[in-house]
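Read off the chains here:
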2 protein chains.
Amino acid sequence: MTNTLIKDIYRNPDKYYDTEIQVSGWVRTVRASKKFGFIELNDGTFFKNLQIVFEETLENFKEISKLPVSSAIIVKGILVETPNTKQPFEIKAKEVILDAESNSDYPLQKKRHTFEYLRSIAHLRPRSNTFSAVFRVRSLAAYAIHKFFQERGFVYVHTPIITASDAEGAGEMFRVTTLDLENTPKTDDGKVDYSKDFFGKDANLTVSGQLEAEAYALAFRKVYTFGPTFRAENSNTKRHASEFWMVEPEIAFAGLKEDMELAEDMMKYIIKYVMENAPEEMEFFNKFIDKGLIERLENIVNSDFERITYTEAMKILEKNKNKFEYPVEWGADLQTEHEKYLTDKVFKKPVFVTDYPKDIKAFYMRLNDDNKTVAAMDLLAPGVGEIIGGSQREERLDVLERRMKELEMNDEDLWWYLELRKYGGTKHAGFGLGFERAVMYLTGMDNIRDVIPFPRTPKNVEF
Amino acid sequence: MTNTLIKDIYRNPDKYYDTEIQVSGWVRTVRASKKFGFIELNDGTFFKNLQIVFEETLENFKEISKLPVSSAIIVKGILVETPNTKQPFEIKAKEVILDAESNSDYPLQKKRHTFEYLRSIAHLRPRSNTFSAVFRVRSLAAYAIHKFFQERGFVYVHTPIITASDAEGAGEMFRVTTLDLENTPKTDDGKVDYSKDFFGKDANLTVSGQLEAEAYALAFRKVYTFGPTFRAENSNTKRHASEFWMVEPEIAFAGLKEDMELAEDMMKYIIKYVMENAPEEMEFFNKFIDKGLIERLENIVNSDFERITYTEAMKILEKNKNKFEYPVEWGADLQTEHEKYLTDKVFKKPVFVTDYPKDIKAFYMRLNDDNKTVAAMDLLAPGVGEIIGGSQREERLDVLERRMKELEMNDEDLWWYLELRKYGGTKHAGFGLGFERAVMYLTGMDNIRDVIPFPRTPKNVEF
């Protein structure tokens, strides 16, 4: 007899009523009296449990009554409607087979645990309500991203993870090496000899796939990357992880306007897809994690995102500067309090802020005609702040080279990036979405460690 | 005027005939006489070019006639049918705007280049016919994998890239560190002090996400990973790269039989999806890269994969042992020549070989009742050999611990993996598909460096 999946039963119960079926899964709870008992069974396919009723007529009634939480069982029985009760249906068990008994010291008992404790059992936490919801939503959001881009003809590019070039020009990076650190080879002047290393030179983990994505956008017109990126920053905040996934689309024959339209369409698409495909999980988050979540997300889907320039934003903020801790001054970066004021107080919806001063943005962003600002855009979202950062790229070789010289950048490793400007380097633009930030936004979870299956942060590489 | 995409024109030309449209793209070739000329224009959205006819009446006729290859242009004109010619239609240009002129030293001129040379210009090679086909197919294959698993309710898990545990127990790994190698901190006994390193211990790049995927399969029942994996092997072959992507599904309440069914369904799904969505590219490969490719792929889609045990395979091979260079002996691993004989001579279709001797397989594979073999399966494909490796996992804690002791494995880092067996660790199984091997198989390309956008191999970390 094949296993019927609990998701299929919930989505289409009529198909199964009053017939004998077999289900298998893990015991979430058992309550038993002398004559009968109830099992809440979760089979992994669905957020909700299926109720199993079993009676003393079962041969192994006593054993089943005392089953430790998380034991794996196989149940044969009849699905019956249960009107006027909490759950819509239940299975009247004819047979309960103990498949893999759990140990009674199972650390995830019914009582509430802190998220911090659950991080220490990251191999078990997806079995809890909260984390089963988080990681199913994460999976659906990832798929929504692929679906969005593929349906629009974008080519998915796997940009390299190990790299010798530093896309941001400033990120703290992890070194990748096979040198024996107990005995590193040395050059004549006593330095570490990286020519003896695996790649023949100093290599690092990527901080962004953007530069390589640009090369592909100038071939395929519309591309995206979606892969892990790394920061070796020793910062222990709720919003920073050492390893996280990033989505980076790049489009050619397109400027900042098209870039923002793409970002807006993508955000709305992801939210809609997750709300449609994980209604039970979203309801759970709305109830227990972040009241008002669904309303906030629906507001995003249904609103036109605001677009203002950095200079306009500064004017708004200046009028209210006594409300802020940090100074409001043209040329300075927006602080979290400024971003929040714009999204939560002024516009009450997502806001694109564009045309930032060049000195607070990356070297590859396109210089505007005012020679002071660049064609950058950040998307600020109510409640979370910056969620997307993008720009039109500097396609003019001379302007780009001048900027790199100003910043005293070593352009040796970037010869190929400069060459893209020589051979039909038409205007192009792109952005980066921190995937975990998006998942936090979708679920209301407020610590990045709780939306990554096995998070990596300073001093933490467990599992 | 918005740009019409060349893909849309090819897929639905009737919509555009005899109307004025605008296209933009890169010049692949220009041929011009004194009175008129032809441009082959590629806009990145489609494998084929669009022909542009331009006449001397154009203001910039001379300039356009001499346009360097790869220049970006914008063309306004009328799409007209061209019966009795090679191409089905062309655009009669009313205006050709030079958007970004290419330099005349563009390295990818029309003449044929070796794949080896093209690797040295990996930032430009996706503009060539072969590599635009390869990387579009790669993108479609990746999406097909997501689509296959998501449609079947699998949860996509991002398993960690940086890890302290070694899944295979034997892989050569890259170290990830932020220690200053010019001046490494030392412990009292003079060794490198990894407690001072970023993660507080020795950390590496993952060789597989399987062990972590198992944890998630025991929560979500059906999961898959799809991410980069790494091998620090100093081997320069056509089939090995230092960085490559792997797909690893894992299913609970399932054994080797279900595992093989899943692998077979997945392979057929990917092939079908790519053939349906990249017919022009597949025709190109079939003509210029690997004659017989389409027939071979169709044969796979339409055949039931063979299933034989290792012991049966050995019997077949023994009967023909004088045909092989390597000895045929129960207990030894199958060599490429053996695999090829089974797939290409004996069965002429993909073959699952199951139940290998335990000593040539990994520690986590489930021991069979004969105590000599494990519930492993390799999928061998005609022409390429092993493409998938999988197994049922050892779910019995005592058997697993005994096996790890036999192999003198350090089980400290794997405490959580062992714990999975204590808390409802029902039977489960999974496999790994090397994504690049699959792309090679789909395209007929015979060097792994030519199916990775920016390949990493010993001494090569360019771009």
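Residues numbered from 1 in each chain as written. Chains lettered and ligands numbered in written order. Predicted model: local features only at pLDDT ≥ 70, side-chain atom pairs only at ≥ 80, totals over all residues. Heavy atoms only, no water.

1. What to know about the nonpolar core
At step 1: Val353, Ile388 and Leu433 of chain A together with Val353, Ile388 and Leu433 of chain B are the most contacted members of the largest nonpolar core, which totals 238 residues.
At step 2: When near neighbours in sequence (up to four residues on either side) are disregarded, Leu433 of chain A contacts Ile145, Trp245, Met246, Val247, Met266, Met267, Ile270, Ile387, Ile388 and Ala438 of chain A. (Core = buried A, V, L, I, M, F, W, Y, C linked by side-chain atoms within 4.5 Å. Buried < 20%, exposed > 50% of the residue type's maximum accessible area, 1.4 Å probe, protein only. Contact = heavy atoms within 4.5 Å.)

2. Some details on the relation of the copies chain A and chain B
At step 1: In the superposition of chain A on chain B (RMSD 0.0 Å, axial shift 0.0 Å), the rotation amounts to 180 degrees. When the rotation and shift are considered jointly, the pair of chain copies conforms to a two-fold rotation axis. Residue Val176 of chain A of chain A places its C-alpha closer to the rotation axis than any other residue of that unit, at 2.5 Å.
At step 2: Both copies contact each other with a shared surface, as 100% of the interface residues of chain A are interface residues in chain B too. (Least-squares fit on C-alpha atoms with pLDDT ≥ 70 in both.)

3. As for the side chain of Gln392 of chain A
All names here are of chain A.
At step 1: When you line up the elements, Gln392 lands in strand S15 (residues 385–392).
At step 2: For Gln392, a relative accessible area of 11% translates into the label buried.
At step 3: When residues no more than four places from it in sequence are discounted, the contact partners of Gln392 are Gly255, Leu256, Tyr364, Met365, Arg366, Ala375, Lys427, His428 and Ala429. (Helix = DSSP H or I, 4+ residues; strand = E, 2+ residues; numbered from the N terminus.)

4. Quick notes on the sheet that holds strand S14 (residues 376–381) of chain B
All names here are of chain B.
At step 1: Taken in spatial order, the 8 strands of this open sheet run S6-S10-S11-S16-S15-S14-S13-S12, and their pairing is mixed. The open sheet terminates on both sides in strands that have one partner only, identified here as strand S6 (155–156) and strand S12 (306–309).
At step 2: Where strand S10 (residues 222–230) meets strand S11 (residues 243–252), 9 bridges bridge the pair, whose relative direction is antiparallel. Looking across to S11, one finds that Lys222 is bridged to Ile251. (Pairing = 2+ DSSP bridges.)

5. Considering the sheet that holds strand S13 (residues 351–357) of chain A
All names here are of chain A.
At step 1: Overall, mixed pairing links the 8 strands, which are arranged S6-S10-S11-S16-S15-S14-S13-S12 in an open sheet. Strands with a single pairing partner mark the edges of an open sheet, and in this sheet they are strand S6 (155–156) and strand S12 (306–309).
At step 2: The strands touched by helix H9 (residues 310–319) are S12 and S13; relative to S12, the strand with the most contacts, the crossing angle is about 90 degrees. (Axes fitted to C-alpha atoms, helices over the stretch in contact; angles between N-to-C directions.)

6. Observations concerning the interface of chain A and chain B
At step 1: Counting residues at the interface gives 114 residues for chain A and 114 residues for chain B.
At step 2: Carbon and sulfur atoms make up 62% of the area that chain A and chain B hide from each other, which totals about 9,300 Å².
At step 3: Linking chain A with chain B are 4 salt bridges, by the criterion used here.
At step 4: Our count for the contact surface shared by chain A and chain B stands at 43 residue pairs in polar contact (both at pLDDT 80 or more).
At step 5: The greatest single-element share of the side of chain A that touches chain B, amounting to 12 residues, is contributed by helix H4 (residues 129–151) of chain A.
At step 6: Class assignment for the residues of the side of chain A that touches chain B results in 57 nonpolar, 32 polar and 25 charged. (Buried area = accessible area lost by both parts, 1.4 Å probe. Salt bridge = Lys/Arg side-chain N within 4 Å of Asp/Glu carboxyl O. Polar contact = N/O pair within 3.5 Å; in protein donor to acceptor, adjacent residues only side chain to side chain. Nonpolar A, V, L, I, M, F, W, Y, C, P; charged D, E, K, R; others polar.)

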